Amino acid sequence: MALHRGAYEKLSEAYRYILLKWLPESGFELRDEPCFEVYLNRDPRRTKPENLKTEIYVPIK
């Protein structure tokens, strides 16, 4: 799990880092399951984009 802090529009940058930088250097491999996100803010419409928190789950083995 990785914690992304910031606008939802920037999630693709977090995925790019996780999958193209962190994963190859980690020694782990992807499992054949989808990634998923958990949005932690109660009301994202009332939260400033820079304060949004999203957990990104990447299935690894």
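Above: the structure in question.
Residues numbered from 1 in each chain as written. Predicted model: local features only at pLDDT ≥ 70, side-chain atom pairs only at ≥ 80, totals over all residues. Heavy atoms only, no water.

Chemist: Hey, could you go over the pattern of salt bridges for me, with residue numbers and the actual values?
Modeler: It is possible for side chains of opposite charge to pair when their charged atoms get near one another. Applying the stated criterion across every chain yields a total of six salt bridges. With its nearest N and O atoms 2.7 Å apart, the salt bridge here joins Glu-25 to Lys-21. Here the residue Glu-25 and the residue Lys-21 both occupy positions in helix H1 (residues 11-26), the gap between them amounting to four residues, near one helical turn. On the basis of relative accessibility, which here comes to 40%, the residue Lys-21 falls in the partly exposed class. Between Arg-45 and Asp-43 there is a salt bridge, with its nearest N and O atoms 3.1 Å apart. On the accessibility criterion, Arg-45 (75% relative accessible area) is exposed. One salt-bridge network, held together by shared partners, links Asp-43, Arg-45 and Arg-46. (Salt bridge = Lys/Arg side-chain N within 4 Å of Asp/Glu carboxyl O. Helix = DSSP H or I, 4+ residues; strand = E, 2+ residues; numbered from the N terminus. Buried < 20%, exposed > 50% of the residue type's maximum accessible area, 1.4 Å probe, protein only.)

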